[in-house]
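Remarks on the overall topology
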Amino acid sequence: MKIAVAGTGYVGLVTGVCLAEHGHSVCCVDIDEKKIETMRQGISPIYEEGLSELMVKNRERMTFTTDHEEAYQDAEVIFIGVGTPEKRDGSANLAYVYEAAKQIAHTVKRDCVVVVKSTVPIGTNDRLEKLIRREQKAQVKIAVASNPEFLAQGTAVRDTMHASRIVIGAEEAFARNVMLRVYEKFDAPKLVTDRKSAEMVKYASNDFLALKISYINEIANLCELVGANIEDVTAGMGFDSRIGNKFLKAGIGYGGSCFPKDTKALHWLANSYDYEMKTVKAAIEVNENQKLKMVRKARKYYEDFAGITVAVLGLTFKPGTDDLREAPSLVNLPIFLEEGAIIRAWDPIGEAGYRRLYPSEICYCETIEETLKGAELCLIFTEWREIQEIQPELFVKQMKKPIIIDGRNCYPPEVFKGGQITYESIGRETVCGEA
Ligand code: UGA
């Protein structure tokens, strides 16, 4: 089928590439000339495992353009995968979605289905359809379908190629049938429903996962107070298949471009209906508090951070991505910097983004060894494999004072017992070093 995709961020580009892999002919549109040029050369503008390989493999079925008319006019299906950033009040900014819809309405010349992949508040698909009907130039049939995305960064290609489910929200047989043809070759359970329910599936799923994380982080906080071990607790919970053993990893809170935004957006939406979602509100508050745990734990060792050399391992919101949006490091490091700490940081791929924010305030190191050199405190924000593989001796050898605050529980506390290292993690006992 002839498919166009508006927006080449994580959602748009990965969708386009995976649709091409299943034999569709895909044209990706973006307003960013530089990005389009990069993709034309077969290079992915984002880091995502397996994406570049698939882009190269499906080169013949993929085109990239900034000319939306060229992309939309004869497409059978047009996916909208543009961003829906958070507004100041927590609601979703739909300006890019509406802009794409208008361009589609002005340019399509054949019957087609406009598919909303971007995460949009419930009711947006209905409004988009009205907007398109009002603006459309050609006398053709244009249907709007909701098809939320469930991919996670770092595993985006796998999550799309082997989707847990494909949710299609459509109001008419034409759209439903076209969508089922799009996904014919995808081996995944398919749920066909109305558009509002499809939109709600997305928010309800993400907010439930965010809630699960905030819940387990609160249990971890309590474990610290009462002397229990969060990992044993979650292992015990996970045997119950009603709870499941996934997404129960305690840490310094969720970040990224989805959970923080989608929890706030649903809370805001409920408010606009004069209903308060107390559980979602709690998930948001717990998370904001949790992110600051690193600073709070560090204060136990240093009242203020002036002149303290701090080694920072990991900057991104999770491993496998260079994305820094809502990363806990971005909440904590400004406090250390403001108080005059000397920060040495390492991240395998998140450094470039950080350099744009802090070009000279942070010393970026090429290796973990170099980062730890002379440090009086080590903060771990991301559980990159290289960080998990560090042997305790390295901290002792390189650091001036081996105090580690591990926000991602990268090591079992036992390995530090009886040694010189002071090791704090989340929801587990603190090991005091015998320095
Ligand atoms: C998330 C969802 O997992 C996807 O299903 C969804 O499609 C996506 O949002 C989206 O809406 O686009 P993503 O934000 O890429 O994906 O990342 P996750 O792997 O879900 O991690 C989010 C945050 O939660 C990270 O900061 C991670 O460290 C944290 N997390 C995750 C925990 O603290 N504990 C866990 O057990 C799991």
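It should be noted that the structure appears before, not after, this text.
Residues numbered from 1 in each chain as written. Predicted model: local features only at pLDDT ≥ 70, side-chain atom pairs only at ≥ 80, totals over all residues. Heavy atoms only, no water.

**Things to note about the sheet that holds strand 12 (residues 377-380)**
- In space, the 6 strands of this open sheet follow the order 11-10-9-12-13-14, with parallel pairing throughout. Because the sheet does not close on itself, it has two edges, and the strands there are strand 11 (362-364) and strand 14 (422-424). Each neighbouring strand pair of the sheet contributes to a mean axis angle of 20 degrees, computed without reference to strand direction.
- Strand direction decides the pairing type here: strand 12 and strand 13 (residues 403-406), joined by 3 bridges, are parallel. Bridge pairing in strand 13 links L379 to I405. (Pairing = 2+ DSSP bridges. Helix = DSSP H or I, 4+ residues; strand = E, 2+ residues; numbered from the N terminus. Axes fitted to C-alpha atoms, helices over the stretch in contact; angles between N-to-C directions.)

**Details of the site of the ligand**
- Surveying the vicinity of the ligand reveals 20 residues, the closest of which are L151, Q153, K202, N206 and C258.
- Within the backbone of L151, one N or O atom sits 2.7 Å away from an oxygen atom of the ligand.
- For the ligand, an oxygen atom lies 2.6 Å from a polar atom in the side chain of N206.
- Contact with the protein chains hides 89% of the accessible area of the ligand, taken as 710 Å² for the molecule alone.
- Contributing elements (two or more residues each) for the shell around the ligand: helix 9 (195-226) and helix 11 (259-272). (Near = heavy atom within 4 Å. Polar contact = N/O pair within 3.5 Å; in protein donor to acceptor, adjacent residues only side chain to side chain. Areas by Shrake-Rupley, 256 points an atom, 1.4 Å probe, with all protein chains shown as cover.)

**Quick word on the nonpolar core**
- F79 and Y183 are the most contacted members of the largest nonpolar core, which has 40 residues in total.
- Top element by residues in this core is helix 1 (residues 10-21). It accounts for 7 residues.
- Apart from residues no more than four positions distant in its own chain, F79 is found in contact with I3, A4, V5, A6, T15, L19, V115, K117, N147, M179, V182 and Y183. (Core = buried A, V, L, I, M, F, W, Y, C linked by side-chain atoms within 4.5 Å. Buried < 20%, exposed > 50% of the residue type's maximum accessible area, 1.4 Å probe, protein only. Contact = heavy atoms within 4.5 Å.)

**As for the environment of M237**
- Tracing the sequence through the fold places M237 in helix 10 (residues 230-238).
- Taking relative accessible area as the criterion, M237 reaches 18% and is therefore assigned buried.
- Spatially, the C-alpha atoms of M237 and L248 are 9.1 Å apart, while their sequence positions differ by 11 residues.
- Residues in contact with M237, not counting those within four places in the same chain, are Y215, I216, I243 and L248.

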